[in-house]
2 protein chains.
Amino acid sequence: MRRQIAELLESKKFIELRALLKNMEPIDIAELLEELPEEDLPLLFRILPKELAADTFVEMDSDQQEILISFFSDRELKEVMDQVYLDDTVAIIEEMPANVVKRILKHADPEMRMRINGILQYPKDSAGSIMTIEYVDLRRDMTVMDAFTRIRRTGVNKETIYTCYVVDDNRTLLGLVTVKTLLLSSYGDIIEDIMEKNVIYATTLEDQEHVAEKFSKYDFLALPVVDMEQRLVGIITVDDAMDVMEQEATEDIEKMAAIVPTDKPYMKSGVFETYRKRIPWLLMLMISATFTAMIITHYEEALGALMVLSAYIPMLMDTGGNAGGQASVTIIRGLSLGEIEYRDMPEIIWKETRVAVCCGITLAVANFVKLMLFDQVGVLTSLVVSLTLLAAVLVAKLVGCTLPIAAKRIGFDPAVMASPFITTIVDAISLMIYFQFATLILHI
Amino acid sequence: MRRQIAELLESKKFIELRALLKNMEPIDIAELLEELPEEDLPLLFRILPKELAADTFVEMDSDQQEILISFFSDRELKEVMDQVYLDDTVAIIEEMPANVVKRILKHADPEMRMRINGILQYPKDSAGSIMTIEYVDLRRDMTVMDAFTRIRRTGVNKETIYTCYVVDDNRTLLGLVTVKTLLLSSYGDIIEDIMEKNVIYATTLEDQEHVAEKFSKYDFLALPVVDMEQRLVGIITVDDAMDVMEQEATEDIEKMAAIVPTDKPYMKSGVFETYRKRIPWLLMLMISATFTAMIITHYEEALGALMVLSAYIPMLMDTGGNAGGQASVTIIRGLSLGEIEYRDMPEIIWKETRVAVCCGITLAVANFVKLMLFDQVGVLTSLVVSLTLLAAVLVAKLVGCTLPIAAKRIGFDPAVMASPFITTIVDAISLMIYFQFATLILHI
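What you are looking at is a predicted structure, and each value in this text was computed from that prediction instead of being measured.

Caption draft 1: Representation of the overall build of chain A in the model. For chain A, the count of helices and strands is 24 helices and six strands. In terms of C-alpha radius of gyration, chain A reaches 30 Å, well past the compact-globule figure of 22 Å for 444 residues. For chain A, the C-alpha atoms occupy an extent of roughly 90 × 60 × 35 Å along the three principal directions. Split into buried and exposed, the 444 residues of chain A put 42% on the buried side. The contacts in chain A between residues at least 6 apart in sequence include a share of 70% that link residues at least 24 apart.

Here it is in structure tokens:
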């Protein structure tokens, strides 16, 4: 495909090129444009039919959008931006440098400019910041026929027409009616009689993560957004909710891996940017390991007396870390899917204790057998290592399951309480247990 | 709410209770039923209007569904199941014990039974297994008016009516037309002229993860599913795609934390079940740590000569593990979102090398300063530890970024190549480096 298009471009067969592109999805064209040399970008873009061009523009990444805008005449820029839905306009503006933003806003009409500025004022990651204002609104005294007339007249520029919202003169949200309901009703039916009155909505300042949860819980295609006075100010569509879900899952995963989360895809981030996202936690966790060093130094003599003990330190650390990581990651995911709440804490601790005992005994026995048969370090040493293993798993699972819930309770992000963090704590505790057991059992 | 309903139940105010429940979303009713004593379940369920009852049934978890079914008369069971969309029926059947499945199938009419069996035959996690067969199909020679008539006549039982699929006599998929297009066209327009011909579809055996990716890429509300002969056999709706996305993200997260993934929510899994999902990796990783023990034992004498070296083993292990985990998790997520491909490997390795050098130097310098000023272990020892740290970070990042891609390349699941696995490898390598440096620099 890419080669075919490059050839058509080369031989200037623009009509064939247009015919070919016309049948493609905007996102596929956008991906294709990304692969082409920069100087071909404006030419190819101008070949596209107007509406497809605008849809493609929305799907491009911000670097490419910026390049294209720099090639656009003022009229072209206005033409493209007029075709773009408001939520996409806002998303584009958020990524552009100030001078480009100025250019875009200059060519928007005053009402649009006001609306864009309105949305830009909502905090990042709030429902208001991702909503669009292109929806179909109806009045309660309309008939189904009136509603269809309104949809036909205004629907072409709306992001979705399938859920229509019923408002009064103050724009207070009264209800909603789906096109399915409209189609299955008689033309003479009154909207008020067929509308769904118990509308689930988001408020402008609500966290986008909650919004996405509502979508996945209730299977909506769109969700209305209201302000403090219950007035309808916009809607969020399911495709944006999916993006939020994906983005939030990525953020959680990054935090669990001790990375400062970022919106930027990996392949688009520079080396220094990636470095900046990773070094803070690495540094902090490294310094926290001071405790383990202190503990070992403290027991240096004991260790010197029985060097074999040092051989099992990495195994104990890793197993503790893994066991704790399993518990914490399970809890973190459960919290972020809304499956786990604070009040479940006693039940979780009780369950993790039992799981930890089962896992710990299995591992300790397996380890004891291995130490006796293969490493042949003697019963007492095998016992010390295996008992420490059991204790480490128990501590790790308990720390792993309580910390994320506790973090959430005091308003911290639970995702940070994943393996790396847990490991650091568990390491110190299990080392202490190790040397305690060694002192007790081996009398060193 | 819960208390209010319990009180109404207690005082047998069923009419008020029904009025209250009627306005709630099915999933909210299902969650409420979960909290009530088992014996109230059938009563409360029977109060619900028929359609709402069926929708609520779908949202309940399988234990509760099973309890309800055991209370149902045969007629009730048939009434509920007749209201349920086919994809939900299949999902319910998959969770039920054999005798309940038999009862459900016995009361389905023969055609439905055939269809259910048809879908049950698709492999787990395939597009075929999550599709529904309730969609609106149109013929290309229909007018828009004909299309509306068909939607009005058959739409009430369809899971979505907003995307209609155009098929020929052999049910070959020819195109699609959205209700938006229909509403914005004239009644006399012919479907063939207004339909979208370049339809993106899934095949029955396609992995559900790919299907979900198509949804998030193209922002569809529904995706047609075709068989080997390009015949339309079903559709997948966006709400199911969202569920798949969420489920796949959870699976990835679990694998990254060395847990055998499961569909069951944490709070519903028993202790033994949870144990079984966690112990295999713990055991395997514990045994893999044999290498670290062997390395330390091998260098026991060197270590004995300079005990201080052992104090920094946990810090080196943890930092290496964290650094490798960051790289691997980033790559795994990129792979599963389709942002990273095999051909990006050289670019990734080059980038990770530079990031690793930056991170490694920062950590090494910070560590060197700390060792000199606070631990006061002398220049040479500080040098050995810091150089090892640099090398460990470098190795960790490279192992972390290459293993997931390599795993994917040979058909393994990249998510398994996350922190726990990487840590085990990196631990062994960095220990060897540590003792090499110690031998070279400290001559022990």
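Caption draft 2: Structural detail: the domain arrangement of chain A. Domain parsing of chain A yields domain 1 (2–121), domain 2 (137–247) and domain 3 (289–442). The C-alpha centroid of domain 3 of chain A is placed 54 Å from the C-alpha centroid of domain 1 of chain A.

Caption draft 3: View of the pairing of strand β2 (residues 163–167) of chain B. Residues and elements named next belong to chain B. Counting buried positions over the five residues of β2 gives four, a clear majority of the element. As paired strands, strand β1 (residues 137–138) and β2 are joined by two bridges and run parallel to one another. What sits directly across from L138, in β2, is V166. Connecting β2 to the next strand, strand β3 (residues 173–178), in antiparallel fashion are five residues, including R171 with a positive phi near 65°.

Caption draft 4: Fine view of the relation of the copies chain B and chain A. Superposing chain B onto chain A takes a rotation of 180° plus a shift of 0.0 Å along the axis, which leaves an RMSD of 0.1 Å. Taken together, these values place the two copies in the relation of a two-fold axis.

Caption draft 5: Representation of unusual backbone geometry in the model. Residue and element names in this part refer to chain B. Within the chain, K12 stands out as a residue other than glycine whose phi angle is a positive 55°. Here K12 falls in the exposed class, since 9 other C-beta atoms lie within 10 Å of it. The phi angle at R171 is positive, at roughly 65°, despite the residue not being glycine. The class of R171 is partly exposed, set by 16 C-beta atoms lying within 10 Å.

Caption draft 6: Layout of the interface of chain B and chain A. The interface is formed by 89 residues belonging to chain B together with 89 residues belonging to chain A. Among the elements that line the side of chain B that touches chain A, the one with the most residues is helix α21 (residues 313–336) of chain B, at 14 residues. Of the residues assigned to the side of chain B that touches chain A, the class counts are 51 nonpolar, 21 polar and 17 charged.

Caption draft 7: Quick peek at the sheet that holds β1 of chain B. The strand order across the open sheet built from three strands is β1-β2-β3 (chain B), with neighbouring strands paired in mixed fashion. Each of the sheet's edge strands pairs with one partner strand only, and the pair in question is β1 and β3 of chain B.

Caption draft 8: Broad picture of the nonpolar core. Counting residues in each nonpolar core, the largest one holds 212 residues, and the members touching the most others are I236 and V393 of chain A together with I236 and V393 of chain B. Setting aside residues no more than four positions away along its own chain, I236 of chain A makes contact with A127, I130, M131, A202, V211, A222, L223, V225 and A241 of chain A. Core analysis: the next-biggest nonpolar cluster, separate from the first, contains 17 residues, L21, L33, F45 and L48 of chain A among them.

Caption draft 9: Summary view of the sheet that holds strand β1 (residues 137–138) of chain A. Residues and elements named next belong to chain A. Taking strand neighbours across the sheet as the criterion, the three strands line up as β1-β2-β3 in an open arrangement whose pairing is mixed. Of all the strands in the sheet, just β1 and β3 (173–178) have a single pairing partner and so form its edges. The pairing of strand β2 (residues 163–167) with β3 spans five bridges and is antiparallel. Across the sheet, the residue bridging to T163 is T178, located in β3.

Caption draft 10: Here's a closer look at the packing of helix α17 (residues 271–288) of chain A against helix α22 (residues 345–375) of chain B. It is the contact of α17 of chain A with α22 of chain B, at a shortest axis distance of 9 Å, that shows an interaxial angle of 35°. Read as a crossing pair, α17 of chain A and α22 of chain B show a hand that is right-handed. Contacts between α17 of chain A and α22 of chain B involve V271, T274, Y275, R278, I279, L282, L283 and M286 of chain A on the former and, on the latter, K351, R354, V355, C358, C359, T362, L363, A366 and N367 of chain B.

Caption draft 11: Spatial organisation of the packing of helix α18 (residues 290–298) of chain A against helix α24 (residues 419–442) of chain A. Residues and elements named next belong to chain A. One way to put it is that α18 packs onto α24 with a least axis distance of 8 Å and a crossing angle of 10°. Taken together, α18 and α24 sit at an angle that is classed as roughly parallel. Contacts between α18 and α24 involve F291, T292, I295 and I296 on the former and, on the latter, D427, A428, L431 and M432.

Caption draft 12: The arrangement of the environment of Y85 of chain B in detail. Residue and element names in this part refer to chain B. The residue Y85 is located in the loop between α7 (74–83) and α8 (86–95) in this model. Given 19 C-beta atoms within 10 Å, Y85 falls into the partly exposed group. Sequence separation between Y85 and E300 is 215 residues; the distance between their C-alpha atoms is 67 Å. Excluding residues that lie within four positions of it along the chain, Y85 makes contacts with T132, E134 and E159.

Caption draft 13: Focus on the environment of I287 of chain A. Take I287 of chain A: it is sitting in helix α17. Note: C-alpha distance between I287 of chain A and H443 of chain A (156 residues apart in sequence) is 32 Å.

Caption draft 14: Geometry of the environment of E196 of chain A. All names here are of chain A. When you line up the elements, E196 lands in the loop between α14 (191–194) and β4 (202–203). The spatial distance from the C-alpha of E196 to the C-alpha of M345 is 38 Å, given a sequence separation of 149 residues. Excluding residues within four positions of it along the chain, E196 makes contact with G175, L176 and V177.

Caption draft 15: How the structure looks around the confidence of the model for chain A. Residues and elements named next belong to chain A. Per-residue pLDDT for chain A has a mean of 89; in total, 100% of the residues score no lower than 70. Taken element by element, the predicted model of chain A shows its lowest mean pLDDT in helix α1 (residues 2–10) (80) and its highest in β2 (96). Here the predicted complex scores 0.84 on pTM and 0.83 on ipTM.

Rules and cut-offs
- Residues numbered from 1 in each chain as written.
- Chains lettered and ligands numbered in written order.
- Predicted model: local features only at pLDDT ≥ 70, side-chain atom pairs only at ≥ 80, totals over all residues.
- Helix = DSSP H or I, 4+ residues; strand = E, 2+ residues; numbered from the N terminus.
- Rg over C-alpha atoms; globule rule 2.2 N^0.38 Å.
- Buried ≥ 20, exposed ≤ 12 C-beta atoms within 10 Å, placed from the backbone.
- Contact = placed C-beta atoms within 7 Å.
- Domains from an automatic or database assignment.
- Pairing = 2+ DSSP bridges.
- Least-squares fit on C-alpha atoms with pLDDT ≥ 70 in both.
- Nonpolar A, V, L, I, M, F, W, Y, C, P; charged D, E, K, R; others polar.
- Core = buried A, V, L, I, M, F, W, Y, C linked by C-beta atoms within 7 Å.
- Axes fitted to C-alpha atoms, helices over the stretch in contact; angles between N-to-C directions.
- Left-handed = near helix turned anticlockwise from the far one by under 90°.
- Parallel < 35°, antiparallel > 145°, perpendicular 65-115°, else oblique.
- pLDDT = per-residue confidence, 0-100.

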